[in-house]
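Here are the chains, one letter per residue:
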Amino acid sequence: MSASRHPALSATDPELASYVAAEEVLQAETLRLIPSENYVSAAVLEASGTVLQNKYSEGYPGRRYYEGQQNIDRVEALAIERAKGLFGVDHANVQPYSGSPANLAVYLAFAKPGDTVMGMALPMGGHLTHGWGVSATGSWFRGVQYGVRATADPETNGLIDYDAVRDLALAERPKVIFCGGTALPRTIDFAAFAEIAREAGSVLVADVAHIAGLIAGGAHPSPADHVDVISTTTHKTLRGPRGAMLMCREEHAKAIDKAVFPGLQGGPHNQTTAGIAVALHEAAQPSFVRYAHAVVANAKALAAALLERGFDLVSGGTDNHLILIDLTGKGVPGKVAAKALDRAGIVVNYNTVPFDPRKPFDPSGVRIGTPSLTSRGLTTEHMSVVADWIARSVDAAAKGDEQALAVIRSEVADLMAAFPAPGLPLS
Ligand SMILES: *Cc1c(COP(=O)(O)O)cnc(C)c1O
């Protein structure tokens, strides 16, 4: 099957081709709950694998350091126009190689080494690149970090404490404040962050890598009117190829562009730019509005079904695509649960929970999300069976019942066969 789908690859490098074919089968047969993953469409996949790969184009449309840009300029200009239209921004840079380099470019644009920068702490749900110690951003800059509340009140427990964010910002006066993260199940109040950044005199960056598709589809408020810069990956809820974009108001356009190139990068990956352009086109269709809302509806239904089955969810539920399960009460560490779920054909990642007493490489939680299963067409009706599989897998992990995991794996494969993923050839 791989030989017919990738004939040249199979002939040239059968070993590598076999790995790709095996990955196609794995993606087809398993239930992918990692909230930062998705399936790109066949059109995005095609655009990302074109001869645009062969072209060097340092610079920006109309201002390149290499000749022969007649078509590349059109591709990049199209991606830029579509990003501006979809997110309602003055300026878009579609060249960052991925989310982490995009954020590095933001630091380069607005801070000097040693400056104070502020973001959410990694174990609270922030991203490495928001000034966390093991990241270059936390060693080249002085990172100060905020977190979420730990209260007895279930209404506020696990939510960002905006008063504490303000106190920290006014005490530290950071050059740059990042809002957004990788394990935040609740809506981000961009207006509240904007007020704080204004008071502190800080540049405010919304890193919407996880929720860009929800914003594009109107299922999460947009930061466009509140922040200085929007940073996003293109490959999570947005359903594009692996890449990133930086968007901003006109006043910051030059600084952002200069930081990406020549500040940080060389030639843009034009085949990726093409894939981003296609994904942005798809995200501008009415069907994508339905997709984004379905992602959230599925996550809420899945959260409710998990609560019914006695799971403890950070912040008590979700407003978006993401659910963080604290497994402490189940007596199963996150890593043990994640590995058991993997054997049951359910792919998640283990994750720290706020105030986790366990180590980051062996934490108390698992992080799940609904972008991928929604791309396959699963609806709220399916979420109780998904919650059942998770509950049974965690039970089986506690008991060491491999037989139960094998049974779940075949049930998962049956449902997945009925809902083929976009871009996968194995339906
Ligand atoms: C995924 C993510 C990134 C990093 O993206 P990479 O493409 O993995 O470098 C940055 N910020 C946030 C909030 C993310 O979720």
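Keep in mind that this is a model prediction, so the values were computed, not measured.

S.K.: What am I meant to see in the packing of helix α3 (residues 14–29) against helix α17 (residues 402–418) here?
M.R.: Here α3 crosses α17 at 90°, and the two axes come no closer than 8 Å. Relative to α17, α3 is oriented roughly perpendicular. Residue-level contacts link L26, A28 and E29 of α3 to R409, V412, A413 and M416 of α17. Partitioned by chemical class, the residues of the contact of α3 with α17 number 5 nonpolar, no polar and 2 charged.

S.K.: What is the right way to read the sheet that holds strand β11 (residues 312–313) from this model?
M.R.: Hydrogen bonds between backbone atoms are what pair the strands of a sheet, whose relative direction is either parallel or antiparallel. The sheet built from 4 strands is open, its strands ordered β11-β12-β15-β14 with antiparallel pairing. For this open sheet the edge positions go to β11 and β14 (349–351), each flanked by a neighbour on one side alone. Inspection of the sheet shows strand β12 (residues 322–326) paired to strand β15 (residues 365–369) by 5 bridges, in the antiparallel sense. Following the sheet pairing, I323 is matched in β15 by I368.

S.K.: Which parts of the structure should I look at to understand the site of the ligand?
M.R.: In the vicinity of the ligand lie 13 residues, with S98, G99, S100, D207 and K236 positioned nearest. Within the side chain of S98, an N or O atom sits 2.4 Å from an oxygen atom of the ligand. At 3.0 Å, a backbone N or O of G99 approaches an oxygen atom of the ligand. In terms of residue count, helix α6 (residues 99–110) provides more of the shell around the ligand than any other element does, 3 residues in total.

S.K.: Hey, could you run me through the packing of helix α14 (residues 334–343) against helix α16 (residues 383–399) in this one?
M.R.: One way to put it is that α14 packs onto α16 with a least axis distance of 9 Å and a crossing angle of 115°. Judged by the sense of rotation from one axis to the other, the crossing of α14 with α16 is right-handed. Residues V336, A337, A340 and L341 of α14 lie in contact with α16, whose contacting residues are I390, S393, V394 and A397. Each residue belonging to the contact of α14 with α16 can be placed in one class, and the counts come to 7 nonpolar, 1 polar and no charged.

S.K.: Any chance you could explain the sheet that holds strand β5 (residues 116–120) here in plain terms?
M.R.: Strand order in the open sheet formed by 7 strands is β4-β10-β9-β8-β7-β5-β6, and the pairing between neighbours is mixed. The strands lining the two open edges of the sheet, one partner per strand, are β4 (91–93) and β6 (142–146). Taken pair by pair, the neighbouring strands of this sheet meet at an average axis angle of 20°, ignoring direction. Inspection of the sheet shows strand β9 (residues 229–233) paired to strand β10 (residues 244–248) by 5 bridges, in the antiparallel sense. Residue pairing across strands places V229 opposite C248, the latter belonging to β10. Helix α8 (residues 162–172) rests against β5, β6 and β7 (176–179) of the sheet, and its axis sits at about 160° to β6. Contacts between helix α9 (residues 190–200) and the sheet are confined to β6, β7 and β8 (203–207), with β8 contributing the most and set at about 155° to the helix.

S.K.: Explanation requested: the domain arrangement of the chain in the structure shown.
M.R.: For interface size, the figure often reported is the accessible area lost on association. When its domains are assigned, the chain resolves into domain 1 (24–40 + 294–417) and domain 2 (55–283). A C-alpha centroid distance of 28 Å is found between domain 1 and domain 2. Summing both sides of the interface, domain 1 and domain 2 together bury roughly 2000 Å²; the carbon and sulfur share of this comes to 57%. Among the residues domain 1 hides against domain 2, the three largest losses belong to S315, D319 and F355. Together they make up 27% of the total. Counting every contact that joins domain 1 to domain 2 gives 1 salt bridge. When the shortest N-O distance is used, the salt bridge between R186 and D319 registers 2.8 Å. By residue class, the composition of the side of domain 1 that touches domain 2 is 12 nonpolar, 11 polar and 2 charged.

S.K.: Hey, could you run me through the pattern of salt bridges in this one?
M.R.: A side chain with one charge can pair with a side chain of the opposite charge if their charged atoms come near. Overall, the coordinates contain 18 salt bridges when judged by the stated rule. A salt bridge links R64 to E76; the nearest nitrogen and oxygen atoms lie 2.9 Å apart. Residue R64 is found in strand β3 (residues 63–64), and its partner E76 is found in helix α5 (residues 70–87); the two are separated by 12 residues along the sequence. As far as burial versus exposure is concerned, R64 and E76 are alike and both buried. Note that E172 is salt-bridged to R142, the shortest N-O span being 2.9 Å.

S.K.: Help me understand α8 in this model?
M.R.: One turn of the α-helix equals 3.6 residues, which is why residues spaced by three or four share an orientation. For α8, the complete set of buried residues consists of Y162, V165 and A169. Buried residues of α8, seen end-on, are gathered within an arc of 55° and therefore sit on one face of the element. Facing away from the buried side of α8 by over 90 degrees, the exposed positions are D167 and A171. Against β5, β6, β7 and α9 lie the buried residues of α8. At the N-terminal end of α8, a side-chain oxygen is found 3.2 Å from the backbone nitrogen of D163, two or three residues along, and the residue is D161.

S.K.: Can you help me understand the pairing of β15 in this one?
M.R.: Within β15, 5 of the 5 residues are buried, leaving the element largely enclosed by the surrounding structure. Because side chains alternate across β15, one face comprises the buried residues G365, R367 and G369, and the other comprises V366 and I368, equally buried. Of the strand pairs in this sheet, β14 and β15 are connected by 3 bridges, and their pairing is antiparallel. Paired with Y350 across the bridge in β15 is V366.

S.K.: When you look at the side chain of D356 in this model, what are you seeing that I'm missing?
M.R.: Turning to its location among the elements, D356 is positioned in the loop between β14 and β15. Within the buried core, D356 has no salt-bridge partner, and the shortest N-O distance to an opposite charge, that of R358, equals 5.5 Å. At a separation of 2.9 Å, a polar atom in the side chain of D356 contacts the main-chain amide nitrogen of R358.

S.K.: Hey, could you run me through the packing of aromatic side chains in this one?
M.R.: We describe a pair of aromatic rings using the distance from one ring centre to the other and the angle between the two ring planes. Evaluated as defined, the whole model comprises 8 aromatic pairs. Relative to F178, the ring of Y107 has its centre 5.3 Å away and its plane inclined at 35°; by these criteria the two rings are tilted. Here the residue Y107 occupies a position in helix α6, and F178 occupies one in strand β7, the gap between them amounting to 71 residues. As far as burial versus exposure is concerned, Y107 and F178 are alike and both buried. The lysine or arginine in question, R239, covers the ring of Y291, its NZ or CZ lying 4.6 Å from the ring centre.

Reading the values: the criteria
Residues numbered from 1 in each chain as written. Predicted model: local features only at pLDDT ≥ 70, side-chain atom pairs only at ≥ 80, totals over all residues. Heavy atoms only, no water. Axes fitted to C-alpha atoms, helices over the stretch in contact; angles between N-to-C directions. Helix = DSSP H or I, 4+ residues; strand = E, 2+ residues; numbered from the N terminus. Parallel < 35°, antiparallel > 145°, perpendicular 65-115°, else oblique. Contact = heavy atoms within 4.5 Å. Nonpolar A, V, L, I, M, F, W, Y, C, P; charged D, E, K, R; others polar. Pairing = 2+ DSSP bridges. Near = heavy atom within 4 Å. Polar contact = N/O pair within 3.5 Å; in protein donor to acceptor, adjacent residues only side chain to side chain. Left-handed = near helix turned anticlockwise from the far one by under 90°. Domains from an automatic or database assignment. Buried area = accessible area lost by both parts, 1.4 Å probe. Salt bridge = Lys/Arg side-chain N within 4 Å of Asp/Glu carboxyl O. Buried < 20%, exposed > 50% of the residue type's maximum accessible area, 1.4 Å probe, protein only. Arc of directions from axis to C-beta. Lys, Arg positive; Asp, Glu negative; His and termini not counted. Phe/Tyr/Trp six-rings, centres within 6.5 Å; stacked < 30°, edge-to-face > 60°. Lys NZ or Arg CZ within 6 Å of the ring centre and 35° of its normal.

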